[in-house]
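Close look at the chain arrangement
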Amino acid sequence: MKKLIPLIGFVVIAAFLYLSLSSNPRELPSPFLGKAFPDIEVEDFYTGEVISLRDTFRSKITLVNVWASWCPSCYQEHPYLMQLSSEIDIVGLNYKDQPNAASEFLLRQGNPFSVVLVDQSGSMGMDLGVTGAPETFLLDDAGKILLRFQGPLSTEVWQQEFAPLMVT
C-alpha cells in the first residue's frame, strides 16, 4: 500500500497539469454571466457626480470597457473602440488611473465613450472580477451580461466573440 501512495500522488498531479494546460486562459469565468450587470454606484469622470452604473445602459446593447492610460493594450484597442462607438453604446470605466493621465489619454486618442466612469481605487473592478485592463463586458438591452472578454478588442475578436451574440 505504501508503494501506491506516490503513484496516486503522481496521477493526481499529472491530471491537474493536463487540465491546466488544456484550458483557455482567455475564458474567464464570471459569476455575472447571464445575469444583470451589478448595480454599482460610481463617479462620473467629468462631473464627479455619483451615479448608478446600471442607469447608464439606456435600454440598448452596451459595451462596458475597462481601460486605463497606463495600459499599453488600451492604446492598441482604442482606434477600434473609436470605430465601434458609431455602432454601439460604449460605457468607459477608467480603472486605477490618475485623473490627469486619463484626461490626457482621452484628449489625444479621442473619446469613444458615451459615459466615462471612474474606479480609481479599483473597488468596482474588484466587484466585477476585473483582473486588469482592458476588459470588456457585452450587455444586452436589459443589462444582462452576455460576454466578458479580457484583452484588446479588434475586428477579429469582434467577429469571433461579440458579433455572434448580437444576432437577434
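You'll find the structure just up there.
Residues numbered from 1 in each chain as written. Predicted model: local features only at pLDDT ≥ 70, side-chain atom pairs only at ≥ 80, totals over all residues. Heavy atoms only, no water.

**Concerning the overall build of the chain**
- Scanning the chain from N- to C-terminus turns up five helices and seven strands.
- Starting at the N terminus, the α and β elements of the chain follow one another as α-β-β-β-α-β-α-β-α-β-β-α.
- Per-residue burial for the chain yields a buried fraction of 43% across its 168 residues.
- When contacts within the chain are restricted to residue pairs at least 6 apart in sequence, long-range pairs at least 24 apart make up 71% of them.
- About 9,700 Å² of surface is accessible on the chain, with carbon and sulfur atoms providing 58% of the total. (Helix = DSSP H or I, 4+ residues; strand = E, 2+ residues; numbered from the N terminus. Buried < 20%, exposed > 50% of the residue type's maximum accessible area, 1.4 Å probe, protein only. Contact = heavy atoms within 4.5 Å. Areas by Shrake-Rupley, 256 points an atom, 1.4 Å probe, with all protein chains shown as cover.)

**Re unusual backbone geometry**
- In this structure, proline 134 follows alanine 133 across a cis peptide bond, with omega equal to -5 degrees.
- Positive phi, close to 50 degrees, is recorded for lysine 96, a residue that is not glycine.
- The exposure class assigned to lysine 96 is partly exposed, which follows from its relative accessible area of 42%.

**Overview of the sheet that holds strand β4 (residues 89-95)**
- Strand order in this open sheet of seven strands is β2-β1-β5-β4-β3-β6-β7, and the pairing throughout is mixed. At either margin of the open sheet sits one strand with a lone partner, and together these are β2 (50-52) and β7 (145-150). Adjacent strand axes in the sheet meet at a mean angle of 30 degrees, parallel and antiparallel pairs treated alike.
- Bridge count between β4 and strand β5 (residues 115-119): five bridges; the pairing is parallel. Within β5, the position partnered with leucine 93 by the bridge is leucine 117. (Pairing = 2+ DSSP bridges. Axes fitted to C-alpha atoms, helices over the stretch in contact; angles between N-to-C directions.)

**A closer look at the pattern of salt bridges**
- Using the criterion set out here, one finds two salt bridges in the structure.
- The salt bridge involving glutamate 104 is made with arginine 108; its shortest N-O contact spans 2.5 Å. With glutamate 104 and arginine 108 both in helix α3 (residues 99-109) and four residues apart, the pair spans about one turn of that helix.
- Taking relative accessible area as the criterion, arginine 108 reaches 67% and is therefore assigned exposed.
- The salt bridge involving glutamate 135 is made with arginine 148; its shortest N-O contact spans 2.7 Å. (Salt bridge = Lys/Arg side-chain N within 4 Å of Asp/Glu carboxyl O.)

**Observations concerning the pairing of β7**
- As paired elements, strand β6 (residues 135-139) and β7 share five bridges and run antiparallel to each other. If you follow threonine 136 over to β7, its bridge partner there is phenylalanine 149.
- Hairpin connection from β6 to β7: five residues lie between these consecutive antiparallel strands, with glycine 143 at a positive phi of about 85 degrees.

**Some points on helix α2 (residues 72-84)**
- Its 13 residues give α2 an end-to-end C-alpha distance of 19 Å, which sits within 8% of 18 Å, the value for a rise of 1.5 Å per residue.
- Helix geometry: α2 is bent most strongly at histidine 78, by close to 40 degrees, with proline proline 79 lying one to four residues after it.
- Turning to α2, its buried residues number three or more, namely Cys74, Glu77, His78, Tyr80, Leu81 and Leu84.
- Of the surrounding elements, those touching the buried residues of α2 are β3 (62-67), β4, α3, β6 and α5 (155-166). (Expected span 1.5 Å × (residues − 1). Bend = angle between axes of the 7 residues up to and from the residue.)

**Describing the nonpolar core**
- Core analysis: the biggest nonpolar cluster contains 25 residues, and Leu63, Trp67, Leu84, Leu153 and Phe162 have the highest contact counts within it.
- Within the residue set of this core, elements represented by two or more residues are β3, α2, α3, β5, β7 and α5.
- Examining the composition of this core, we find that four residues originate from one element, α2, more than from any other.
- For tryptophan 67, the contacting residues outside a window of four places in its chain are Cys74, Gly92, Leu93, Asn94, Tyr95, Asp97, Ala102, Phe105, Leu106, Phe113, Val116 and Ala133.
- Counting residues in hydrophobic clusters, the runner-up holds 20 residues, among them Val42, Val64, Val66 and Phe137. (Core = buried A, V, L, I, M, F, W, Y, C linked by side-chain atoms within 4.5 Å.)

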